[in-house]
Amino acid sequence: MKTKWYFFLLLLIIGSVILNYYFSHRVIPQTKVGVIMMGKSREEKLTGLKQGLHDLGYKEDAIEFVIKNANDNELTLEKKINELIKEKPTLIVTLGGIETETLKGQMEEQNQKIPVVFAGVAAPKEIGLIKDYRSPGGNFTGINNYHTRLSGKRLELLSQLVPATKRYFVLYDQEIKVSVLGLENTIEASKNLALLVIPVNVSDPTFTDFLSRNLHHDDALLLVPGFRTESLTEKIAHIIKENKIPTMGIYGNEVGDSILASYGSSFRDQGYQSARYVSRIIQGNSPADLPVELPDSIHFFINTKVKKELGIELNSEMTNLAEFMKPDREGVK
């Protein structure tokens, strides 16, 4: 009887060794995830996406990222999208509005049905990416970063933060639909707040000259979402520093340079949140059935270093509401 038990235990041990060897040495097929990014400014979203997938339990070798970067060139963007489609990824993550809209056009033209997660897009229903927020339909779903709707709120916060401001120059992009919608939201808010706003189109190459000629010490700048605005960070920072103008931005990482304050969801947070969608699609869910989400968090940041450089007084009631970013911090972690 004892011999039988010993033999049985021996078989169990041998079986366990064989199974452990198999599972530790087997080749697990990778999920190919395509990523489309307009330029370097989107890198924080990609960082957030990878971290989010890691925290959801995906190991590095479980996903093969196929990343296509257009380096802020719209013509290159179309080319990169075509390259990615030919690679036949399981799904595609787009890191902004222009990437998503251009991809949608290319997919429709080529009759492609690849699932797509947009990692932060303003007004996805209004610009025709989805049919409905609860039931998107089609191949697209993801995060509505709400930045278009927040444009008016940014104006209100800036006017309360720096009450001495007389005029608000609003930097928007006439060629980007979500940016135009953001401007409209800002103008509507300005009427309710009785504030003077002056739209400035950043797709006009003379916009920096216009600002240099017209900015006064009691003016302020407000940025409206748009990839071109994001790609012009250095030029805008130069204008801000040269004229010592308080500026309200969109993303927390902007505050680390020359922008006084920002109000919105950070790039990293949007990428991190979109990882949940990627995971659910990998598990077999259809983007058509995954409701579009609003940001998990929205932050109001003030940069103490920029405040000192500007030498202006801020409304103490407003500063009590803000999260302060120290000079040695870069971006939202």
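Rules behind the numbers
- Counting restarts for each chain, with residues numbered from 1 along the sequence as it is written.
- Selection of residues for local features in this predicted model requires a pLDDT of at least 70, selection of side-chain atom pairs for listing and counting requires 80 or more, and totals for whole chains, interfaces and linings are taken over all residues.
- Only heavy atoms go into the side-chain values, all of them from the structure, while hydrogens and water stay out.
- Secondary structure is summarised from DSSP: a helix means a run of H or I of at least four residues, a strand means a run of E of at least two, and numbering begins at the N terminus for each.
- Exposure is judged per residue with a 1.4 Å probe applied to protein chains only, and the accessible area is read against the type maximum: over 50% gives exposed, under 20% gives buried, and values in between give partly exposed.
- pLDDT expresses, on a scale from 0 to 100, how confident the predictor is about each individual residue.
- In what follows, residue pairs with any heavy atoms lying within 4.5 Å of each other are defined as contacts.
- Any pair of Phe, Tyr and Trp rings, taking the six-membered ring for Trp, is counted once the centres come within 6.5 Å. Such a pair is stacked with planes under 30 degrees apart, edge-to-face with planes over 60 apart, and tilted for the rest.
- Comment: the charge-over-ring label is applied if NZ (Lys) or CZ (Arg) is within 6 Å of the ring centre and within 35 degrees of the ring normal.
- At least two bridges found by DSSP between two strands are what make those strands a pair.
- Polar contact is the term for a pair of N or O atoms within 3.5 Å; when the atoms are in protein, one must be able to donate a hydrogen and the other to accept it, and sequence-neighboring residues count only if both atoms are side-chain atoms.
- Lines fitted to C-alpha atoms define the axes, with helix axes restricted to the stretch in contact, and inter-axis angles between N-to-C directions lie between 0 and 180 degrees.

### Here we look at the overall build of the protein
Secondary structure summary: the protein contains 12 helices and 12 strands in total. A burial count over the protein gives 51% of its 333 residues as buried.

### Some words on the confidence of the model for the protein
Across the protein, the average pLDDT comes to 88, with 86% of residues at 70 or higher. In this model residues 22–28 is a low-confidence stretch, pLDDT under 50, and it forms zero contacts with partners more than four residues away in sequence or in other chains. With pLDDT under 50 throughout, residues 326–333 is counted as low confidence; its partners more than four residues away or in other chains account for 15 contacts.

### Description of the packing of aromatic side chains
Here the structure, examined in full by the defined rule, presents two aromatic pairs. Judged by centre distance (6.3 Å) and plane angle (80°), the ring pair of Tyr263 and Phe300 falls under edge-to-face. Here the residue Tyr263 occupies a position in strand β10 (residues 261–264), and Phe300 occupies one in strand β11 (residues 299–303), the gap between them amounting to 37 residues. Overall, the relative accessible area of 7% leaves Phe300 in the buried class. The ring of Phe65 has Lys50 sitting right over it, with the charged end atom 5.3 Å from the ring centre.

### Here's the deal with unusual backbone geometry
Positive phi is not limited to glycine here, since Asp72 has a value of about 65°. With respect to the secondary-structure elements, Asp72 resides in the loop between β2 (63–69) and α3 (74–86). Judged by its relative accessible area of 36%, Asp72 is partly exposed. Positioned with a positive phi, Lys88 is a non-glycine residue whose angle comes to about 55°. As for its position among the elements, Lys88 is in the loop between α3 and β3 (91–94). The exposed category is assigned to Lys88, whose relative accessible area is 67%.

### Some thoughts on the pairing of strand β8 (residues 219–223)
With respect to burial, β8 is a largely interior element, five of its five residues being buried. The two faces of β8 match: Asp219, Leu221 and Leu223 on one face and Ala220 and Leu222 on the other face are all buried. Of the pairings in the sheet, the one linking strand β6 (residues 167–172) to β8 comprises five bridges and is parallel in character. Its bridge partner lying in β8, Tyr168 is registered against Ala220. Note: β8 against strand β9 (residues 247–249), two bridges, orientation parallel. Across the sheet, Leu222 pairs through a bridge with Met248, a residue of β9.

### A look at the environment of Tyr58
Within the fold, Tyr58 resides in the loop between α2 (43–55) and β2. Assessed through its relative accessible area of 18%, Tyr58 is described here as buried. In the structure, Tyr58 is positioned 221 residues away from Ser279 in sequence and 8.8 Å away in space, judged by C-alpha atoms. Not counting the four nearest positions on each side in its chain, Tyr58 is found in contact with Leu53, Ile63, Ser279, Ile282 and Gln283. Within polar-contact distance, the side chain of Tyr58 engages the side chain of Ser279 at 2.8 Å.

### Some remarks on the sheet that holds strand β1 (residues 31–37)
Read across the open sheet, the five strands follow the order β2-β1-β3-β4-β5; overall the sheet is parallel. The sheet terminates laterally at β2 and β5 (140–144), the two strands that pair on one side only. The mean angle between the axes of side-by-side strands here comes to 20°, regardless of whether they run parallel or antiparallel. For β1 and β2, the ladder comprises seven bridges, and the chain directions are parallel. Bridge pairing links Gly34 to Val66 in β2. Strands in contact with α2 are β1, β2, β3 and β4 (116–121); relative to β2, the strand with the most contacts, it is inclined by about 175°. The strands touched by α3 within the sheet are β1, β2 and β3, with β1 carrying the most contacts at an inclination of about 175°.

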